[in-house]
Amino acid sequence: MRATPSRFLAALVPLALAVSACSTGGARLAAGERTIYMAAIEPKGSTTVDKEPFPAEALPAGGGYGLEGPDEKGAWTVETYRWLPSGVTVVQGDKVTLEILGVNGAMHASKVEGYDIAFDVKRGQVTTVTFTADKAGVFRIICSTHQPAMTGTLVVLPSS
Ligand SMILES: [Cu+2]
């Protein structure tokens with residue numbers, strides 16, 4: 001089907017409005033105070049060998065992945081450690097508070113690369129990490145106990 005001029009315009013108008021909003025909407029990227037609620041979690045999946053064969057290949061080493069079993073009943077489990085959420089976006093200049101609850105895993109020795117922030121997350125406790133996001137860019141939030149999977153991303157958008 002060919003696009004008629006009116007259809008073409010109908011498609012362009014929302015695009016033009018979106019571009020216009022971006023170019024005039026810089027105030028929305030003003031720095032402020034942001035609290036982000038996170039958790040250290042461990043999703044697990046399990047089954048039995050009579051339903052699904054135990055994987056032949058090992059998962060990457062580093063503690064971030066686990067493959068256990070099969071046990072005497074043929075049950076096996078796969079698991080991974082993660083930050084929830086794994087992506088955090090803030091604006092340059094923000095006073096950031098990460099409130100991180102340890103749900104799974106006894107301890108997570110962690111850091112925010114590029115910001116020289118080191119912290120531990122323990123099960124059953126909230127770890128509060130505060131900093132001013134003065135550098136724009138993309139930075140990794142790394143738990144060294146559970147690599148490579150427990151790596152999040154901090155995006156600091158440049159202020160406008
Ligand atoms: Cu961890």
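Above: the structure in question.
Residues numbered from 1 in each chain as written. Predicted model: local features only at pLDDT ≥ 70, side-chain atom pairs only at ≥ 80, totals over all residues. Heavy atoms only, no water.

1. A short note on the sheet that holds strand S1 (residues 33-41)
For the record, the criterion: When DSSP finds two or more bridges between a pair of strands, those strands are recorded as paired. Segments assigned H or I by DSSP are reported as helices when at least four residues long, segments assigned E as strands when at least two residues long, and all are numbered from the N terminus. Inter-axis angles, ranging from 0 to 180 degrees, are taken between N-to-C directions of lines fitted to C-alpha atoms, where helices are fitted over the stretch in contact.
The mixed open sheet is built from 4 strands, whose spatial order is S5-S1-S7-S10. Each edge of the open sheet is held by one strand with a lone partner, namely strand S5 (82-84) and strand S10 (126-132). If you compare each strand with its neighbour and ignore which way they point, the axes differ by 25° on average. One ladder, built from 8 bridges, connects S1 with strand S7 (residues 95-102); its direction is parallel. When the bridges of S7 are listed, arginine 34 appears paired with valine 96.

2. Description of the coordination of the copper ion
The test is simple: Donor atoms: N, O and S within 2.8 Å of the metal, or within 3.2 Å for Na, K and Ca. Because water is excluded, sites can look incomplete. Tetrahedral means four donors with every angle between 85 and 135 degrees, whereas square planar (four donors) and octahedral (six donors) require angles over 155 degrees between opposite donors and between 65 and 115 for all others; sites fitting neither are termed irregular. Three labels apply to residues, based on accessible area from a 1.4 Å probe with only protein chains included: buried if under 20% of the type maximum, exposed if over 50%, partly exposed otherwise in between.
At this site the copper ion is bound by His108 (ND1), Cys143 (SG), His146 (ND1) and Met150 (SD), with donor distances of 2.0 to 2.4 Å. Because the angles between the 4 donor atoms bound to the copper ion fall within 99 to 125°, the donor set is best described as tetrahedral. Counting along the primary sequence, the residues that act as donors to the copper ion give the motif H-x34-C-x2-H-x3-M. Linking histidine 108 in strand S8 (residues 107-112) with histidine 146 in the loop between strand S11 (137-143) and strand S12 (151-157), this pair joins segments that are 38 residues apart in sequence. Exposure remark for histidine 146: the relative accessible area of 8% places this residue in the buried category.

3. Some thoughts on the nonpolar core
Rules: Buried residues of nine kinds, namely Ala, Val, Leu, Ile, Met, Phe, Trp, Tyr and Cys, make up a nonpolar core once their side-chain atoms join them within 4.5 Å. Every residue pair with non-hydrogen atoms within 4.5 Å of one another is taken to be in contact.
Within the largest apolar cluster, 24 residues are counted, with the highest numbers of intra-cluster contacts made by Trp83, Leu98, Tyr115, Phe119, Phe131 and Leu154. Secondary structure elements with two or more residues in this core: S1, strand S6 (87-91), S7, strand S9 (117-122), S10, S11 and S12. Beyond its immediate chain neighbours, meaning those up to four positions away, phenylalanine 119 contacts Trp83, Ile100, His108, Ala109, Ser110, Lys111, Val112, Thr127, Val129 and Ile141.

4. Some words on the environment of isoleucine 36
Checked against the element boundaries, isoleucine 36 lands in strand S1. Along the sequence, isoleucine 36 and valine 90 sit 54 residues apart, while their C-alpha atoms lie 9.5 Å from each other. In this structure, isoleucine 36 is in contact with Val88, Val90, Val96, Thr97, Leu98 and Glu99, ignoring residues within four places of it in sequence.

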